[in-house]
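Letter by letter, the chains look like this.
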Amino acid sequence: AAAAALADAECGVVHSLVRSDGQIVHHVAMRRRIPYLIVPHGALEPALWPRKRLLRHAWLMAGGGAFVRDAHRLVFATKAERANAEATLRRPLNAEVIPFAVPARRSAITEGERAAARTQLGLPTDRLLLLVLGRLDPVKRPVEIVRWFCAAKPEGCDRVIAGMDGRIAAEA
């Protein structure tokens, strides 16, 4: 499917790292001489690499290294993500940092706005909330977060976990 999608493309964008579609895009892009971008979404975080170290090293040797090296650019959301990726691969990368489209901070919201939003979502208005928002995947450890939260029994605090399923819904 990836090769077919690139048949008439002028460039490619890969939103993964160690999956086979990246190697397919690399092969087609090199053959057709078109650029491609890689958006690794945290897949090069140093904390992830000790797990499955041999598999990841094999991936680098079997074509993953060339896939990363030959990319027109790697695109990161933060300078820290870029620095972590370079530390993981132990070399500088041809990369750009493009900050998130949604600002991380905005001016403070009023208590009225907060209460209205919580009421609309059916959340308590008088308690602290621990919000975990993201893909529900084992690598992000959402089940452990729930266990730790429950074990801590924080006074006057509730937790909210929201996100798309990333192979964790059955576990939760």
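All figures in this text were calculated on a predicted structure; none of them were measured in a lab.

Colleague: Just to check I follow, could you spell out the pairing of strand 6 (residues 157-162) for this structure?
Modeller: Two faces, one strand: in a regular strand the side chains alternate between the faces of the sheet. With six bridges joining them, strand 5 (residues 128-133) and strand 6 adopt parallel strand pairing. What sits directly across from leucine 129, in strand 6, is aspartate 158. For the handedness criterion, the β-α-β arrangement of strand 5, helix 6 (residues 142-152) and strand 6 is classed as right-handed.

Colleague: Please explain the sheet that holds strand 2 (residues 36-38) as it appears in this structure.
Modeller: The pairing of strands in a sheet comes from backbone hydrogen bonds and takes either a parallel or an antiparallel form. A sheet is described by the order of its strands in space; here four strands give the open sequence 1-2-3-4, paired in parallel fashion. Pairing within the sheet leaves two strands with one partner each, and these edge strands are strand 1 (12-14) and strand 4 (95-97). Adjacent strand axes in the sheet meet at a mean angle of 25°, parallel and antiparallel pairs treated alike. Across three bridges, the pairing between strand 1 and strand 2 is parallel.

Colleague: What is the right way to read the environment of alanine 29 from this model?
Modeller: Secondary-structure assignment places alanine 29 in helix 2 (residues 20-32). Overall, alanine 29 belongs to the buried group, its relative accessible area being 1%. Note: C-alpha distance between alanine 29 and alanine 7 (22 residues apart in sequence) is 9.7 Å. For alanine 29, the contacting residues outside a window of four places in its chain are Ile34 and Tyr36.

Colleague: Explain the packing of aromatic side chains here, please?
Modeller: Any pair of aromatic rings gets described here by the distance separating the centres and the angle formed by the planes. Applying the stated criterion across every chain yields a total of one aromatic pair. On the numbers, 5.6 Å between centres and 5° between planes, the contact of tyrosine 36 with phenylalanine 67 is stacked. With tyrosine 36 in strand 2 and phenylalanine 67 in helix 3 (residues 53-70), the pair connects residues that are 31 residues apart, well separated along the chain. Here tyrosine 36 and phenylalanine 67 have matching classes, each one buried. The aromatic ring of tryptophan 49 is capped on one face by arginine 56, whose charged end is 5.3 Å from the ring centroid.

Reading the values: the criteria
- Residues numbered from 1 in each chain as written.
- Predicted model: local features only at pLDDT ≥ 70, side-chain atom pairs only at ≥ 80, totals over all residues.
- Heavy atoms only, no water.
- Pairing = 2+ DSSP bridges.
- Helix = DSSP H or I, 4+ residues; strand = E, 2+ residues; numbered from the N terminus.
- Right-handed = clockwise from strand over helix to strand, strands pointing away.
- Axes fitted to C-alpha atoms, helices over the stretch in contact; angles between N-to-C directions.
- Buried < 20%, exposed > 50% of the residue type's maximum accessible area, 1.4 Å probe, protein only.
- Contact = heavy atoms within 4.5 Å.
- Phe/Tyr/Trp six-rings, centres within 6.5 Å; stacked < 30°, edge-to-face > 60°.
- Lys NZ or Arg CZ within 6 Å of the ring centre and 35° of its normal.

Everything listed here is a matter of coordinates, which is why it stays silent on function.
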